[in-house]
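# Observations on the model geometry
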Amino acid sequence: CPAPLRRNLQLLSHDQVELAKMLLNEGQTHLFEHWPEPGVDDDKKRSFFDQVHRLHSSYPGGLASYIRNAKKLLADSRAGKNPYDGFTPSVPSGEVLTFGDDNFVSLEATGVKEARNAVFVLVAGGLGERLGYKGIKVALPREITSGKCFLQHYIESILALQEASCKMEGECHTQIPFVIMTSDDTNALTIKLLESNAYFGMEPSQVKILKQEKVACLADNDARLALDPNDMYKIQTKPHGHGDVHSLLYSSGLLEHWKSTGRKWVLFFQDTNGLLFNAIPSALGVSASKGYNVNSLAVPRKAKEAIGGITKLTHLDGRTMVINVEYNQLDPLLRATGHPDGDANCETGYSPYPGNINQLILELGPYIEELKKTHGAISEFVNPKYTDSTKSAFKSSTRLECMMQDYPKTLPPTAKVGFTVMDTWLAYAPVKNNPEDAAKVPKGNPYHSATSGEMAIYRANSLILRKASAQIADPVIDTFNGQEVEVWARITWSPRWGLTFKDVRGKVHGNSSVSQRSVLVINGQNIVLDGLSLDGALIVNSVDEAEVKVTGHVENKGWAIQHIDHKDTSEKEEIRIRGFKLEKVEQMEVNYTEPGKHCMSS
Ligand code: UGB
C-alpha cells in the first residue's frame with residue numbers, strides 16, 4: 001500500500017478499502033501517489049471512490065476484469081495481433097427480400113402478428129461526433145415536411161405495430177415495451193424530449209430508460225487508469241460503445257420480466273435511420289418463420305462504405321460464424337487472406353458482403369440463456385493511437401470498446417444466426433455525416449447526411465406509392481450542401497396509415513397522381529387516395545372514426561424548396577445541416593374531426 005493511501009485509510013469505509021485493495025492488486029498504485037495528508041481534499045478522496053464504485057459495478061466482472069481485459073488487448077494490439085487470426089472470410093448466404101412481392105407481403109403479415117410479443121430497444125447513447133450536431137440525434141426532424149423528429153416517428157411506429165398486432169389477434173391490452181439506452185451525453189435531453197411531448201402518445205410506463213456508464217481510460221500499455229488532467233481525483237472516462245446494451249438489459253432484470261409476460265423477440269435499432277420501420281414487419285416475419293435466434297438486417301453495401309460487412313468466418317479448426325466485420329477491419333482481413341484488392345465492389349457494383357445496418361432481432365429465450373453465461377459481456381477491442389512505431393506510448397488515453405452486433409461471437413455453433421437483406425431505398429438512410437464530410441463522399445457512395453436522410457424518405461414513400469400503382473412523377477436532381485440528390489415529391493404519412501405494404505395498397509387506387517413539386521401529408525388511419533390528382537401541397541388530417549376518400553384535382557402554389565448553406569447561422573442547426581428549407585407558399589389543409597364517411601373533393 002503506497003504511503004499516501006495508507007495515511008488516508010481512516011477516511012475510507014470498509015467497501016472503499018476493498019476497492020482500494022483491488023486497484024493496488026491490479027497495478028494502479030499511481031492513482032494515489034499524489035494524495036495529500038488527511039484533512040486536505042477529503043471529500044474529493046471519498047468522491048474518487050464513488051466513481052470507482054460506479055465503474056466497478058457497471059462492468060461485467062468488475063473493474064479488475066476491465067483492467068485485465070485491457071492488459072491483454074493492449075498486448076495483442078502492440079504485438080500487431082490480428083483479431084481474425086486463423087479465420088478465412090467468405091460471402092454468407094441469407095434471406096434476400098423483394099419489396100412488395102407475395103413473399104414480402106406474407107412475411108409482413110407474420111411480422112405484424114408477432115409484434116405483440118416483441119420489445120424494442122433503441123441505442124441512443126452516442127453523441128454523433130461525425131454529424132457534429134449539438135443536440136441529441138433522436139430530436140432531429142426525420143423530415144421537415146411533417147417536422148416530426150426521429151423519436152416521435154419511432155414511437156408512433158411501435159404504437160402502430162402494437163395496435164395492428166393486437167387487432168389481428170383480437171385483443172386490446174398488450175403494450176409493446178420500449179427501452180432507450182442513453183448515456184451521460186444524451187440522458188437528460190432524451191428524458192426532456194419525452195416529457196415535454198407527453199411521450200409522443202406512448203404510456204410513460206411503457207418506456208424504460210437505461211443509462212450506460214462510460215468506462216475508464218487507459219494511459220499506457222500496462223493498462224494504468226488515466227487520471228482526468230483537470231481533476232486528479234477523477235478517472236478519465238470515455239464511452240464503451242453500443243455493445244453495453246446487452247449487459248444493461250441483463251442487469252436491469254427486464255429480460256426475465258419480459259419472458260414471464262410472454263415476450264419472444266427483442267429488436268435493437270439505432271438512432272437515426274428514418275426508413276427502418278419499413279423493414280421491421282417483414283424482418284420479424286423472417287425471424288419467426290425461419291426460427292432465427294439472431295437475425296441482422298442488411299442492405300447491399302458499397303465497398304469502403306462506413307457500415308460493417310456481414311461475413312462468414314471459417315477458422316482453421318473448422319469453427320464457422322456469420323458475423324459483422326467492422327468497416328475498418330474488412331479491408332485488411334480480405335487483403336490478409338488472399339484478396340489483393342481488399343474491400344472492393346464486384347460485378348454488381350456492390351461489395352459481395354452485405355452491409356450491416358445494426359438492426360438486430362434476437363429471440364428472447366436463447367438470448368436470456370446466453371446472457372446467463374456471459375452477463376452481457378461482449379467481446380471488446382482497443383484502438384490506441386501510438387506516438388511512434390515502437391508502440392510504447394499513446395498520443396492520448398484510450399479505452400476498451402464493444403459493439404452490440406458482436407453478440408453472436410460467443411454463441412455455440414448450434415445457434416441459428418441469419419440475416420435478411422433488403423433494398424437500401426426501403427430500409428436504410430442514416431444521418432451520420434456532417435455536410436462537409438458528406439460532400440467529400442466519393443460519387444456513387446451514400447452520403448449518410450441530414451440531406452440524404454430526408455430525401456431518402458420522400459423517395460421511399462414515392463416508390464411505395466408507385467408500387468401500389470399510383471402515378472408519382474419522376475424526381476429532379478438538385479444539389480444541397482455540395483451533395484447531389486434526387487428530389488421526389490415530399491410525401492409523408494403517419495405510421496398508422498401505412499404500416500405495411502398491404503395497408504398502403506389497400507388505401508391507394510391506381511387513378512391517383514402526384515406531381516414532382518407536390519407535398520402530400522397524410523395524418524390519419526382511414527384515408528383513401530382515390531382519383532386524387534395533386535399538383536401543389538395537400539395536408540389531410542382525420543380522426544380514427546372518420547373514413548375519408550380523397551379525390552379530385554388539387555392545385556395550388558405549394559411549398560417551395562429553398563437552398564440554404566450549412567454555414568448560414570441565421571438558420572437553425574437542424575435545418576441548415578440539410579441545405580434546404582421549405583417556403584410554405586400555399587396549401588390545402590383539410591381536417592376531419594367527426595366520425596363517418598367523408599369525401600374530400602376540391
Ligand atoms: N451508441 C450508443 O448507444 N452508445 C455508444 O457508446 C456508442 C454509440 P454510430 P458506428 O448501421 O450505419 C454502427 O456511431 O458505431 C449508439 C455499426 O457498428 O452511429 O460507427 C448511437 O447513438 C456498423 O457496423 O455507428 O457504426 C447510434 O444509435 C454499421 O452498422 C448507434 O449506437 C453502422 O452503425 C450507432 O453508433 C450503421
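Since the structure is predicted, the reported quantities are computational estimates derived from the model, not experimental observations.

As a further point, take the overall build of the protein. A count of helical and extended segments in the protein gives 17 helices and 30 strands. Whereas a compact globule of 602 residues would reach a radius of gyration of roughly 25 Å, the protein reaches 26 Å, a difference of no more than 12%. In terms of overall dimensions, the protein has C-alpha extents of about 85 × 55 × 50 Å along its principal axes. Expressed as a percentage of its 602 residues, the buried residues of the protein come to 55%. Within the protein, counting contacts between residues at least 6 apart in sequence, those at least 24 apart form 71% of the total. Counting only carbon and sulfur atoms, one obtains 49% of the accessible surface of the protein, whose full area is about 24,900 Å². Charge separation in the protein, taken as the distance between the mean sites of 66 positive and 72 negative side-chain charges, equals 3 Å.

Phe120, Leu151 and Phe178 are the most contacted members of the largest nonpolar core, which has 106 residues in total. Here Leu151 is in contact with Leu122, Val138, Phe178, Ile180, Leu193, Leu194 and Phe200, once residues within four sequence places are set aside. Counting 33 residues, the second-largest nonpolar core is a separate cluster that includes Leu11, Ala64, Val215 and Tyr386.

Locating Ser77 in the fold gives a position in helix α4 (residues 62–78). Using a relative accessible area of 17% as the deciding quantity, one classes Ser77 as buried. Apart from the residues lying within four places of it in its own chain, the contact partners of Ser77 are Val382, Pro384, Tyr386 and Lys391.

The subject of this paragraph is the packing of aromatic side chains. Counting across every chain of the model gives 23 aromatic pairs. Plain terms: the ring middles of Phe120 and Phe269 are 6.2 Å apart, the flat faces sit at 80 degrees to each other, and that makes the pair edge-to-face. You can see Phe120 sitting in strand β3 (residues 118–123) and its partner Phe269 sitting in strand β10 (residues 265–269), a full 149 residues away along the chain. You can call Phe269 buried: its relative accessible area is 0%. Geometrically, the ring pair formed by Tyr154 and Phe269 is edge-to-face, given 4.9 Å between the ring centres and 85 degrees between the ring planes. Pair noted here: Tyr154 is in helix α6 (residues 150–168) and Phe269 is in strand β10, with a separation of 115 residues, a long-range link. Phe269 matches Tyr154 in its accessibility class, with the two residues each being buried.

Along the polypeptide, Asp271 turns up in the loop between β10 and α10 (276–290). When its relative accessible area of 11% is taken as the criterion, Asp271 is described as buried. Every residue in contact with Asp271, bar those within four places of it in the chain, is listed here: Leu122, Val123, Ala124, Gly126, Lys137, Val138, Phe150 and Tyr154.

Within strand β14 (residues 351–363), twelve of the 13 residues are buried, which leaves the element mostly enclosed by the surrounding structure. Here four bridges tie β10 to β14, and the two strands are oriented antiparallel to one another. In the strand pairing of β14, Val266 is matched with Leu362. Examined bridge by bridge, strand β11 (residues 294–301) and β14 share six bridges and lie antiparallel to one another. Counterpart to Ala298 in the pairing with β14 is Asn356.

What follows covers the sheet that holds strand β25 (residues 537–542). Strand order in this open sheet of four strands is β21-β23-β25-β29, and the pairing throughout is parallel. Looking at strand neighbours, the two that pair on one side only are β21 (490–493) and β29 (588–592), the edges of this open sheet. Within this sheet the neighbouring strands show an average axis-to-axis angle of 5 degrees, counted without direction. Here β21 runs beside strand β23 (residues 519–523); their pairing, made up of four bridges, is parallel. Each residue of the ladder has a partner; that of Ile491, found in β23, is Leu520.

This part covers the sheet that holds strand β18 (residues 471–472). Spatially, five strands are ordered β18-β22-β24-β26-β30 in an open sheet, and the strand pairing comes out parallel. Looking at strand neighbours, the two that pair on one side only are β18 and β30 (596–601), the edges of this open sheet.

Moving on, we get to the site of the ligand. Near the ligand you find 24 residues, and of these Val123, Gln212, Glu326, Asn356 and Tyr428 are the closest. For the ligand, an oxygen atom lies 2.9 Å from a polar atom in the side chain of Tyr327. In this structure, Gln405 approaches the ligand through a side-chain N or O atom, which is 2.7 Å from an oxygen atom. In isolation the ligand offers 710 Å² of accessible surface; the protein chains occlude 89% of this area. Per-element tally for the shell around the ligand: the top contributor is β14, with three residues.

Let us now look at the confidence of the model for the protein. Across the protein, the average pLDDT comes to 95, with 100% of residues at 70 or higher. The complex model carries a pTM of 0.94, and its ipTM stands at 0.98.

Definitions and cut-offs
- Residues numbered from 1 in each chain as written.
- Predicted model: local features only at pLDDT ≥ 70, side-chain atom pairs only at ≥ 80, totals over all residues.
- Heavy atoms only, no water.
- Helix = DSSP H or I, 4+ residues; strand = E, 2+ residues; numbered from the N terminus.
- Rg over C-alpha atoms; globule rule 2.2 N^0.38 Å.
- Buried < 20%, exposed > 50% of the residue type's maximum accessible area, 1.4 Å probe, protein only.
- Contact = heavy atoms within 4.5 Å.
- Areas by Shrake-Rupley, 256 points an atom, 1.4 Å probe, with all protein chains shown as cover.
- Lys, Arg positive; Asp, Glu negative; His and termini not counted.
- Charge placed at Lys NZ, Arg CZ, Asp CG, Glu CD.
- Core = buried A, V, L, I, M, F, W, Y, C linked by side-chain atoms within 4.5 Å.
- Phe/Tyr/Trp six-rings, centres within 6.5 Å; stacked < 30°, edge-to-face > 60°.
- Pairing = 2+ DSSP bridges.
- Axes fitted to C-alpha atoms, helices over the stretch in contact; angles between N-to-C directions.
- Near = heavy atom within 4 Å.
- Polar contact = N/O pair within 3.5 Å; in protein donor to acceptor, adjacent residues only side chain to side chain.
- pLDDT = per-residue confidence, 0-100.

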